[in-house]
Amino acid sequence: MSVRCPSCTRPLEFKDLTLRARMQGDVSTMGHVELSSPSEMIGRLVCGQFTNTGRFEGQAVVYGAIVLTGKSLTIGELTGKSLIIHHGATARAKANILPKPRLGPNSGKLRERPTRKLIPRIAAVSPKGLRPLA
Amino acid sequence: MSDARTSKTVLGPDCRISGELTLDNDALIMGQFTGTLRVTGTLELSESSQVSGMIIAGALRLAGHAEADVVVEDAVELLPGAQLVGQLYTSRLNIVEGATFQGDVCVGPKAIQAAKEALKQNDEHDALSSLDQGMTQPASSIGQDQDQQEDPAPITTVPGSVNQILQRRRPKVLSARNGNGIG
């Protein structure tokens, strides 16, 4: 069964993920993402629900609940609908918890990082602006 | 005789307090408060409450609106409808669905220590800003300022490290120039 986003018609994935190793990169799914105890993730995360029992460093945009269990470490930026931090967990983050997170249609789509600067092309030149070469 | 552990201080919805308030037991605030609020027990802020400034408490249950820096030793619970804007230092946090929080979170075993350091820095920053504005100084800082006046720091327009590098290079550059001029 395939489901598309009602606002941008992008196909949505609902895979649940459990990370058990060290990874660096971006993850995007509408399912439940869990970082198990020895795992470590550095990067950007977009998901439906997030449970951290390991170490997370980066930006997380969660459409549902964020749960940071004991002994977990979270550094970065958290956006979600609810946040639970258990006793013993460590979090140093900028949090944005709202009942209806202000997420645009492209929030779930991870933007590509800019690799090089694009040179703006000249669309039109007015003859008045041109001067003869000396 | 009332027991301090079971009693609770209640500030009704009609009260408005500004300044510094310290309570040695549990408290329920339903009105408006502006300033520094210290509660050793559990602080409950009802739906009608509006607090701005600083909150230091043993535990916090928030259902109202707060625009404050919060330091809580035990646990913070934001109930549905609660709105909190500011920095939050605690060891446990529960923001349920329907509550709003915007700000920085510092949670962990060393959160209280981090809060103390942040408060110290804020106090120093406030003292410096008050000196800049020419306001009255606290008695403890007068002696320090006198010491600073006796031994003023050199006025530099560039950062100290850059200045040191420039000073080191200056004789070499001058000697090189002289050498070129002679040759």
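Please read these numbers as outputs of a predicted model, since none were measured by experiment. (Residues numbered from 1 in each chain as written. Chains lettered and ligands numbered in written order. Predicted model: local features only at pLDDT ≥ 70, side-chain atom pairs only at ≥ 80, totals over all residues. Heavy atoms only, no water.)

## Examining the confidence of the model for chain B
All names here are of chain B. As a reminder of what qualifies: pLDDT is a per-residue confidence score from the predictor, ranging from 0 to 100. The helix and strand labels rest on DSSP assignments: H or I over at least four residues marks a helix, E over at least two residues marks a strand, and numbering proceeds from the N terminus. Contact between two residues is taken to exist if any of their heavy atoms lie within 4.5 Å; hydrogens are not considered.
Scored by pLDDT, chain B comes out at a mean of 79, with 69% of its residues at no less than 70. Across chain B, element-level confidence peaks in strand 8 (residues 83-85) with a mean pLDDT of 96 and bottoms out in helix 2 (residues 139-150) with 44. Under a pLDDT of 50 for its full length, residues 135-158 has, in the predicted model, 7 contacts with residues more than four places off or in other chains. For this predicted complex, the interface confidence comes out at an ipTM of 0.72, alongside a pTM of 0.69.

## Digging into the interface of chain B and chain A
Going by this rule: Buried area counts how much accessible surface, traced with a 1.4 Å probe, disappears from two parts once they are put together, with both parts' losses summed. A pairing counts as a salt bridge when a side-chain nitrogen of Lys or Arg comes within 4 Å of a carboxyl oxygen of Asp or Glu. Here a polar contact means two N or O atoms within 3.5 Å. Within protein one must be a hydrogen donor candidate and the other an acceptor candidate, and residues neighboring in sequence count only if both atoms are side-chain atoms. For two strands to count as paired, DSSP must find a minimum of two bridges between them.
Taken together, the contacts link 19 residues of chain B with 20 residues of chain A. Area buried by chain B at its contact with chain A is led by Ile95, Val105 and Val107 of chain B, which between them contribute 28% of it. Inspection of the region where chain B meets chain A yields 0 salt bridges. Taken together, the links from chain B to chain A amount to 7 residue pairs in polar contact (both at pLDDT 80 or more). Among the elements that line the side of chain B that touches chain A, the one with the most residues is strand 11 (residues 100-107) of chain B, at 8 residues. Pairing of strand 12 (residues 82-85) of chain A with strand 10 (residues 92-95) of chain B, which is carried by 3 bridges, proceeds in the antiparallel orientation. Looking at the pairing, isoleucine 85 of chain A lines up with leucine 93 of chain B of strand 10 of chain B.

## Details of the packing of aromatic side chains
Residues and elements named next belong to chain A. This is how the line gets drawn: A pair of Phe, Tyr and Trp rings is counted when the ring centres sit within 6.5 Å of each other, with Trp represented by its six-membered ring. The angle between the planes then sorts it: under 30 degrees is stacked, over 60 is edge-to-face, the rest tilted. A 1.4 Å probe rolled over the protein chains alone gives each residue an accessible area, and that area as a share of the maximum for its type sets the label: buried under 20%, exposed over 50%, partly exposed in between.
In the structure shown here, the tally under the stated rule is 1 aromatic pair over all chains. Ring geometry for phenylalanine 50 and phenylalanine 56: centres 5.3 Å apart, planes at 65 degrees, overall edge-to-face. Each member of the pair, phenylalanine 50 as well as phenylalanine 56, is classed as buried.

## Structural notes on the nonpolar core
For soluble globular proteins, nonpolar side chains are generally found buried alongside one another. As a reminder of what qualifies: What makes a nonpolar core is a set of buried Ala, Val, Leu, Ile, Met, Phe, Trp, Tyr and Cys residues whose side-chain atoms join them at distances within 4.5 Å.
Ranked by internal contacts, the top residues of the largest apolar core, which has 51 residues, are Leu45, Phe50, Leu83 and Ile85 of chain A together with Leu43, Leu78 and Phe101 of chain B. Discounting residues that sit within four places of it in the chain, phenylalanine 50 of chain A has contacts with His32, Val33, Leu35, Leu45, Phe56, Val62, Ala65, Ile66 and Val67 of chain A. Among the nonpolar cores identified, the runner-up in size contains 6 residues, and Val71, Cys106, Ala111 and Ala115 of chain B belong to it.

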